[in-house]
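Coordinates in review
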Amino acid sequence: LLHLTHAYAQKKKEQIFALTVNHGLRPDSEKEALFVKKIAENKGIPHVILNWIEDKPSSRIQEKARKARYSLLLKWCKDNNVPSLLLGHHQQDQEETFWLRLSSGSGLDGLAGMKHRIKREGIDLVRPLLSFSKERLKATLIEEKQGWLEDPSNKNKTYFRGRFRSFAEEEGLSK
């Protein structure tokens, strides 16, 4: 998302900012945030690391981390008069959201998945990559010789989401 947004912003002569949330839940989280900061700064993009400094929960960690992440991001946007926040959710995230919501008994509204654009607390949340596969996005980064990080918690089977990802891959659940 950072790479593609930067290319678009250069063509439009627009200013963008990069935000990274460091939840502080894993030993390497600060190092990973600094990796993203370096990529952004090498492109001349102002970058801010937002640290979740509250006491960490002992249960429902991913849910509470997601709420904290959105809270930090939205607060930064409001404090800095930034009207839109682009999020990097991609096609597999959308598919996963459908399956997870189905398994938890969600109704039709929930099964519709993530919207490309919604307004939350006065900020437009935009997900421009929802129709792009993770593989396509990685291929773009490879073509552009741009590095990236894989979030290890995506594969962590301690959490239901990680167990589900593993199951979905093994069973071929996809679009």
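Structure: see above.
A few points on the structure. (Residues numbered from 1 in each chain as written. Predicted model: local features only at pLDDT ≥ 70, side-chain atom pairs only at ≥ 80, totals over all residues. Heavy atoms only, no water.)

As a further point, take unusual backbone geometry. Unlike most non-glycine residues, Arg60 shows phi in positive territory, near 50°. Residue position: Arg60 is located in the loop between strand 2 (47-51) and helix 3 (61-79). The exposure class assigned to Arg60 is exposed, which follows from its relative accessible area of 53%. (Helix = DSSP H or I, 4+ residues; strand = E, 2+ residues; numbered from the N terminus. Buried < 20%, exposed > 50% of the residue type's maximum accessible area, 1.4 Å probe, protein only.)

The next point concerns the pairing of strand 4 (residues 117-120). Summarising the sheet, strand 4 and strand 5 (residues 123-126) pair through four bridges and their orientation is antiparallel. Bridging from a neighbouring strand, Arg117 pairs with Val126 of strand 5. The hairpin formed by strand 4 and strand 5 contains two residues between the paired strands, and Glu121 there has a positive phi angle of roughly 50°. (Pairing = 2+ DSSP bridges.)

Okay, the pattern of salt bridges next. One pass over the full model with this rule turns up nine salt bridges. The salt bridge partner of Arg60 is Glu63, with a shortest N-O separation of 2.9 Å. Two residues, Glu150 and Lys134, come together in a salt bridge whose shortest N-O distance is 3.6 Å. Placement of the pair is Glu150 in the loop between helix 6 (134-143) and helix 7 (160-171) and Lys134 in helix 6, with a sequence separation of 16 residues. Using a relative accessible area of 27% as the deciding quantity, one classes Lys134 as partly exposed. Shared partners join several salt bridges into a network, and the residues in it are Arg60, Glu63 and Lys67. (Salt bridge = Lys/Arg side-chain N within 4 Å of Asp/Glu carboxyl O.)

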